[in-house]
Amino acid sequence: MMVESIFLLYFFLLAIICFPSKIKAVNNILVCLLFLLFFLIAAFRPEDSDKDSGIYYNAWYYAFYGAIIEASFVFIRDVLRYVLELPVRSILVVYAFLGVFIKFVAIKRVSNLFYLSLLVYLSHYYILHDLTQIRAGVAAAFFLLSLPYLYERNPIKYFLCIGLAIVFHYSAFFLLFLYFVNPKKDEKIYPYLIPIGYIIYFLGFNVIVEIPIPYFQEKLKLYQEGIESGDKQSSTINVFNYAMILKIIVFYFMYVFKDKLVEYSKYSIMLLKINALSIFAFAALSVIPAISYRIHELFNIVEIILIPLIIYIYRNRFIGYGIVIIYTLIFLLLDILYNELIINPGFL
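It should be emphasised that the depicted structure is a prediction, and the values quoted were computed from it without experimental measurement.

1. Re the overall build of the chain
Here is step 1 of the chain: Scanning the chain for helices and strands turns up 17 helices and 0 strands.
Here is step 2 of the chain: Here the chain holds 348 residues, and the buried ones make up 55% of them.
Here is step 3 of the chain: Here the contacts in the chain between residues at least 6 apart in sequence split such that 77% fall between residues at least 24 apart.
Here is step 4 of the chain: Surface accessibility of the chain: about 15900 Å² in total, with carbon and sulfur atoms responsible for 68%.

2. Let's talk about unusual backbone geometry
Here is step 1 of the chain: With phi around 55°, Glu85 is a residue other than glycine that occupies positive phi space.
Here is step 2 of the chain: Mapping Glu85 onto the fold places it in the loop between α4 (71-83) and α5 (89-110).

3. Observations regarding empty space enclosed by the protein
Rolled over the atoms, a probe with the dimensions of a water molecule shows which regions are left empty.
Here is step 1 of the chain: One pass over the full model with this rule turns up 5 cavities of 30 Å³ or more.
Here is step 2 of the chain: Together, Asp186, Glu187, Tyr190, Phe251, Tyr255, Ile269, Leu272 and Lys273 line the second largest cavity.
Here is step 3 of the chain: Counting only elements with at least two residues in the lining of the second largest cavity, the list comes to α12 (242-256) and α14 (268-284).
Here is step 4 of the chain: Split into classes, the residues belonging to the lining of the second largest cavity amount to 5 nonpolar, no polar and 3 charged.

4. Let's talk about the pattern of salt bridges
Here is step 1 of the chain: What the rule picks out here adds up to 6 salt bridges.
Here is step 2 of the chain: Here Arg77 and Asp78 are joined by a salt bridge, their closest N and O atoms 2.7 Å apart.
Here is step 3 of the chain: Classification of Arg77 as buried rests on a relative accessible area of 1%.
Here is step 4 of the chain: Note on Asp78: relative accessible area 25%, which makes it partly exposed.
Here is step 5 of the chain: One salt bridge in this structure joins Asp186 and Lys188, with 3.3 Å as the shortest N-O distance.
Here is step 6 of the chain: Salt bridges sharing common partners tie together Asp186, Lys188 and Lys258.

5. Quick look at a nonpolar patch on the surface
Here is step 1 of the chain: On the surface, Phe202, Phe240, Tyr242, Ile245 and Ile249 cluster together into a nonpolar patch covering about 610 Å² of accessible area.
Here is step 2 of the chain: For the nonpolar patch, the element with the highest residue contribution is α12, accounting for 3 residues.
Here is step 3 of the chain: Examined against the element boundaries, Ile245 turns out to sit in helix α12.
Here is step 4 of the chain: Look at Ile245 and you get partly exposed, because its relative accessible area is 36%.

6. Here's the deal with the environment of Ser171
Here is step 1 of the chain: By the secondary structure assignment, Ser171 is in the loop between α8 (155-168) and α9 (190-203).
Here is step 2 of the chain: The sequence separation of Ser171 and Ala139 amounts to 32 residues, and the corresponding C-alpha distance is 8.7 Å.

7. What to know about the side chain of His124
Here is step 1 of the chain: Turning to its location among the elements, His124 is positioned in helix α6 (residues 114-130).
Here is step 2 of the chain: Within polar-contact distance, the side chain of His124 engages the side chain of Glu297 at 3.1 Å.
Here is step 3 of the chain: Among residues more than four places away in sequence, those in contact with His124 are Glu297, Phe331 and Asp335.

8. What about the packing of α12 against helix α17 (residues 317-338)?
Here is step 1 of the chain: Contact geometry for α12 and α17: axes closest at 11 Å, N-to-C directions at 160°. With respect to their mutual orientation, α12 and α17 come out roughly antiparallel. The crossing of α12 and α17 is left-handed. Residues Ala243, Leu246, Lys247 and Val250 of α12 form the contact with α17, whose own contacting residues are Tyr327, Ile330, Phe331 and Leu334.
Here is step 2 of the chain: Residue composition of the contact of α12 with α17, grouped by class: 7 nonpolar, no polar and 1 charged.

9. Some details on α12
Here is step 1 of the chain: Here α12 is 15 residues long and its end C-alpha atoms lie 22 Å apart, about the 21 Å a rise of 1.5 Å per residue gives.
Here is step 2 of the chain: Of the positions making up α12, those classed as buried are Ala243, Met244, Lys247, Ile248, Val250, Phe251, Met254 and Tyr255. The buried residues of α12 occupy an angular sector of 165° when the element is viewed end-on, so they sit on one face. Those residues of α12 that are exposed and aimed more than 90 degrees away from the buried face are Tyr242, Ile249 and Val256.
Here is step 3 of the chain: Two or three places before Ala243, at the opening of α12, Asn241 has a side-chain oxygen 3.1 Å from that residue's backbone nitrogen.

Here is what the cut-offs are and how they apply
- Residues numbered from 1 in each chain as written.
- Predicted model: local features only at pLDDT ≥ 70, side-chain atom pairs only at ≥ 80, totals over all residues.
- Heavy atoms only, no water.
- Helix = DSSP H or I, 4+ residues; strand = E, 2+ residues; numbered from the N terminus.
- Buried < 20%, exposed > 50% of the residue type's maximum accessible area, 1.4 Å probe, protein only.
- Contact = heavy atoms within 4.5 Å.
- Areas by Shrake-Rupley, 256 points an atom, 1.4 Å probe, with all protein chains shown as cover.
- 1 Å grid on protein atoms, 1.4 Å probe; cavity = no way out; pocket = protein on both sides within 12 Å on 5 of 7 lines; lining within 4 Å.
- Points joined across faces, edges and corners; volume = space filled by probe spheres on them.
- Nonpolar A, V, L, I, M, F, W, Y, C, P; charged D, E, K, R; others polar.
- Salt bridge = Lys/Arg side-chain N within 4 Å of Asp/Glu carboxyl O.
- Patch = residues over 30% accessible without salt bridge, like charges linked within 9 Å, V, L, I, M, F, W, Y side chains within 5 Å.
- Polar contact = N/O pair within 3.5 Å; in protein donor to acceptor, adjacent residues only side chain to side chain.
- Axes fitted to C-alpha atoms, helices over the stretch in contact; angles between N-to-C directions.
- Parallel < 35°, antiparallel > 145°, perpendicular 65-115°, else oblique.
- Left-handed = near helix turned anticlockwise from the far one by under 90°.
- Expected span 1.5 Å × (residues − 1).
- Arc of directions from axis to C-beta.

Below, the structure is given as structure tokens:
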């Protein structure tokens, strides 16, 4: 069963965190095993187990799918279908491998707390991206991989990573602007971005309607049609939902202790800034809910690295671990039971 598989994987990870091994060979085996499990569940999930599967199955059978799907998807599909003559399942296998493998590599490079970061990844972003929005999942993986280059101010490597992200999902275009964020300096504007985003929401401004890029105009047109037709997913957004309130509370809580976090992770200031921008985007872009959610989730994947740092705030590490575990469990339950991102209980 699909849901049971996710929960079993969650508690397996939890057991590894609670009973860590200091033997390098054991940890190497565990990392390989975890990658294999993450990959297999994503690659061989049942048809119609998520809300987006219909898009990919339809795209597989049409020679041209219009401006709403990236050329990279069409290219990979054509190679798999026409050159290698593989079945439709192969597209899910390729995207699962890319999304999971690149994220594992990125987490290993950036996080001081690999297994705890995997727990945060599994509790939300794995379900959202690698089991649902597979194109965005690969784009987000390249973004995670780019974080050291953003911190080091290495424009060539950063823009190369983001370029690859854009190839897999055009919404990653907005990640280009993060290069202008100072990754080391604690600029006081960032805690104010969240209330500013909510002010924009209450005033009803549409800050992206005039983007002069054909893809975005096509997307905006589709989203606008969804709003006008009364489609619930396209036309409604609750900027004060429980998940967002929790994210805001956690951001300000961590921001108060930012100086302590920097002692353990040099990326802390940069991650907090991107976290603030993601929440700002959620509220400020909420006139078009689909865009708001997409940009927020893409930016906020830095939570995978950021949230585990909570353990360093407390002298008693058990308290910090407890907070992180509760946080991940809340989002896991929200995604499965409330948001119903997994809609088919079958597995394999």
